Amino acid sequence: MKEAVVVGASAAGLAAAETLRRQGYAGKLTLIGEELAAPYDRPPLSKQILASQWEPDRLVLRTEIELAALDLDLRLGVGATGLDLAGRTVALADGTRVPYDGLVIATGVRPRRLPGQGAHVMRTVDDALALRKRLGPGRRLVVVGAGFLGAESAAVARGLGCDVVLLEPAPVPLAHAVGTQVGQVFAEVHREHGVDLRTGVAVSAVTESGVRLADGTLVEADEVLVAVGSIPNTAWLDGSGLTVADGVVCDEFSAAAPDVYAAGDVARWHNPRFGETMRVEHRTNAAEQGMAAARNLLHPGEGKPFDPIPYFWSDQYDMKIQAYGYLRGHDSVEIVDGALADRRFVAAYSRAGRLVGVLAVGMPPKAIRAWRVALTKEER
Amino acid sequence: MSMRIELDEPKCVAAGQCVMVAPDVFDQRDEDGVAIVLDAEPGPEQEDEVREAAAVCPAAAIKLVER
């Protein structure tokens, strides 16, 4: 390999580029990023950045010196517009074509939006700064979607003194991921903190004065944040011949085609540990899969299946939520330590009698670690 | 070459990924799970594990100074 190209310059793309170099790859290495900013960390956007506890300089993932040491052809502020698999080139928005003999696709996701103009989303540092400028005591924020991103943002906005309405189509927030019991606890915590959480509510559009519900009701707002999930950035791969189905479809090595790998939020791959095809929008997965993709690209013959135990955390008020595993596939939940009523507990998630995940709130690390070890040992 | 570990403690989210990867170098505080560096200048035999720990840290809180 002489011309490696990584498309996407966030956590996954950066991890891929660094791993290529660390593993001894000395050829040309092009890192392409649509955003103008150097690689930065996104999880704090809906936490410390929105809360004005941190300024954006705290998000920078690598110093200029560290980036320079990677000897990159760094193309920031220019997106990819096409992929020619047979000709082995990536087309960029500035009209140039970049040849490759090894490719990592790490173009991430973009926020799903609703009809109508004027709503905020939360994906980039500019998004977070635009919203935080508009928050403050007495401001009325309507958050559409009580997933982790919406819930974190609602919690921060309450902390800043905003009136917050949180709208969620499901009867219980996050029930599909964490189960009804745990989802109820999260709902209670938001209500105790003064959030007007309304569940079972479908939003049809954003308007000038707030959001319009499916039943015609207007929910008034000074600002609206839409946090209703995201869409993989794969439009540039249309017609390329790669299989795209809610993400770039990969095998268990994160390979999408010979010498073409995908990593991070955009990748849908087969995780042999869980026997499932999954796409995981977690920070840790971006780094781990970027590393795995780079290793497998360099050493395809000795490829190692990418079989991580997904991990995510969420901070809401003083509640720290940590989850390990693939909770979505569960068919039963058991509280195995602590108690829901105390907001200190470990919930174990199983499918067909096998442990697939654990979620902990407010528990010491040693109480969680035994369950993490159990997850790694579970036979599938 | 030797390596020094710098932990940006306010960034740590208590995931414990570093402890799983490099248990001889990292631990976590009992009260809040925040990482503790047991050995800030690990020997060459631990450098691969420590690099892996820094790379998988979900909060980008582990900085490695190589010199």
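Residues numbered from 1 in each chain as written. Chains lettered and ligands numbered in written order. Predicted model: local features only at pLDDT ≥ 70, side-chain atom pairs only at ≥ 80, totals over all residues. Heavy atoms only, no water.

**Quick word on helix α6 (residues 180-192) of chain A**
Residue and element names in this part refer to chain A. Stated precisely, the cut-off is as follows: What counts as a helix is a DSSP run of H or I of at least four residues, what counts as a strand is a run of E of at least two, and both are numbered from the N terminus. Each residue after the first adds 1.5 Å to the expected span of a helix. For every residue, the accessible area (1.4 Å probe, protein chains only) is compared with the maximum for its type, and the residue is labelled buried under 20%, exposed over 50%, or partly exposed between those bounds.
Taking 1.5 Å per residue as the helical rise, α6 with its 13 residues ought to reach 18 Å, and the 18 Å between its terminal C-alpha atoms agrees with that figure. Residues Val182, Gly183, Val185, Phe186, Ala187, Val189 and His190 constitute the buried set of α6. Residue Gly194 follows α6 closely and has a positive phi angle near 90°.

**Some remarks on the interface of chain B and chain A**
Applied cut-off: A contact between two residues is defined here by any heavy atoms of the two lying within 4.5 Å. Summed over both partners, buried area is the accessible surface (1.4 Å probe) that two parts give up on being assembled. Any carboxyl oxygen of Asp or Glu within 4 Å of a side-chain nitrogen of Lys or Arg constitutes a salt bridge here. Residues adjacent in sequence count toward polar contacts only when both atoms are side-chain atoms; beyond that, a polar contact is any pair of N or O atoms within 3.5 Å, and within protein one must be able to donate a hydrogen and the other to accept it.
The partner chain A presents 24 residues to the 23 residues of chain B that form the contact. Approximately 2,000 Å² of surface area, both sides summed, lies buried where chain B meets chain A, with 49% of it carried by carbon and sulfur atoms. Here Arg58 of chain A makes a salt bridge to Asp8 of chain B, at a shortest N to O gap of 2.8 Å. At the boundary of chain B with chain A, the tally comes to 12 residue pairs in polar contact (both at pLDDT 80 or more). Breaking the side of chain B that touches chain A down by element, the ones donating at least two residues are α1 (17-21), β2 (26-28) and α2 (47-56) of chain B.

**A word on the packing of aromatic side chains**
Residue and element names in this part refer to chain A. So the rule is basically this: When two rings of Phe, Tyr or Trp (its six-membered ring) have centres within 6.5 Å they constitute a pair, described as stacked for plane angles under 30 degrees, edge-to-face for angles over 60, and tilted for the intermediate range.
Evaluation of the coordinates by the stated rule reveals 5 aromatic pairs over all chains. Between Trp269 and Phe306, the aromatic rings sit 5.1 Å apart at their centres with planes inclined by 40°, giving tilted as the arrangement. Of this pair, Trp269 sits in strand β20 (residues 267-271) while Phe306 sits in the loop between α7 (283-298) and β22 (311-316), and the two are 37 residues apart along the sequence. Taking relative accessible area as the criterion, Trp269 reaches 0% and is therefore assigned buried. Judged by centre distance (6.1 Å) and plane angle (55°), the rings of Phe274 and Tyr326 are tilted. With Phe274 in the loop between β20 and β21 (276-278) and Tyr326 in the loop between β23 (319-325) and β24 (332-339), the pair connects residues that are 52 residues apart, well separated along the chain. For Phe274, a relative accessible area of 4% corresponds to the buried category.

**Side note on the domain arrangement of chain A**
Residues and elements named next belong to chain A. For the record, the criterion: Note that domain bounds follow an automatic or database assignment of domains. We call Asp, Glu, Lys and Arg charged. Ala, Val, Leu, Ile, Met, Phe, Trp, Tyr, Cys and Pro are nonpolar, and the rest, Gly among them, are polar.
Along its sequence, chain A is organised into domain 1 (3-110 + 230-302), domain 2 (113-226) and domain 3 (318-377). Each of domain 1 and domain 3 has a C-alpha centre, and these two points are 30 Å apart. Every contact between the two is made by 4 residues of domain 1 and, on the other side, 7 residues of domain 3. When domain 1 packs against domain 3, the two sides together hide about 470 Å² of surface, and 55% of this comes from carbon and sulfur. Linking domain 1 to domain 3 there are 1 salt bridge. At the surface where domain 1 touches domain 3, the tally comes to 2 residue pairs in polar contact (both at pLDDT 80 or more). Tallied by class, residues from the side of domain 1 that touches domain 3 come to 2 nonpolar, no polar and 2 charged.

**Comments concerning α2 of chain B**
Along α2 of chain B, 7 of the 10 residues are buried, which leaves the element largely enclosed by surrounding structure. Looking only at α2 of chain B, the buried set comprises Glu47, Val50, Arg51, Ala53, Ala54, Ala55 and Val56 of chain B. Its buried side turned inward, α2 of chain B meets α1 (11-22) and α7 of chain A together with β1 (3-7), α1, β2 and β4 (62-66) of chain B.

**Brief notes about the packing of α1 of chain A against α7 of chain A**
Residues and elements named next belong to chain A. The following threshold applies: Working convention: axes come from line fits to C-alpha atoms, limited for helices to the stretch in contact. Angles between N-to-C directions cover 0 to 180 degrees. Take the far helix as your reference; a near helix turned counterclockwise from it by less than a right angle gives a left-handed crossing, and one turned clockwise gives a right-handed crossing.
In contact at an axis separation of 7 Å, α1 and α7 are set at 35° when each is read in the N-to-C sense. As for how α1 packs across α7, the hand of that crossing is right-handed. Touching Ala11, Ala12, Ala15, Ala16, Thr19 and Leu20 of α1 are Arg283, Ala286, Ala287, Gly290, Met291, Ala294, Arg295, Leu297 and Leu298, all from α7. Looking at the contact of α1 with α7, its residues break down into 11 nonpolar, 2 polar and 2 charged.

**Section: the nonpolar core**
This is how it is decided: What is meant by a nonpolar core is a set of buried Ala, Val, Leu, Ile, Met, Phe, Trp, Tyr and Cys residues, joined one to another through side-chain atoms within 4.5 Å.
Core analysis: the largest hydrophobic core is formed by 48 residues, its most contacted members being Val90, Leu103, Ile105, Val178, Phe186 and Leu359 of chain A. For Leu359 of chain A, the contacting residues outside a window of four places in its chain are Val178, Val182, Phe186, Ile321, Gln322, Ala323, Leu327, Phe345, Val346, Ala347 and Tyr349 of chain A.

**Quick notes on the UniProt feature "domain: Reductase C-terminal" (unreviewed entry) in chain A**
Going by this rule: UniProt positions are given in the numbering used here, feature names are shortened, and annotations may be inferred rather than shown by experiment.
Those places that UniProt annotates as "domain: Reductase C-terminal" (unreviewed entry) correspond, in this numbering, to residues 311-377 of chain A. The distance separating the terminal C-alpha atoms of residues 311-377 of chain A is 16 Å; by composition the span is 19% helix and 55% strand.

**Things to note about the pairing of strand β4 (residues 80-84) of chain A**
As a general feature of sheets, a regular strand has side chains that alternate between the two faces. Residues and elements named next belong to chain A. Threshold: At least two DSSP bridges between two strands are needed for those strands to be called paired.
Sheet analysis places β4 next to strand β5 (residues 89-92), joined by 4 bridges and oriented antiparallel. Among the inter-strand pairings, Asp84 is bridged to a residue of β5, identified as Thr89. The turn joining β4 and β5, which pair antiparallel and follow one another in sequence, is formed by 4 residues; a positive phi near 55° is taken by Arg88.

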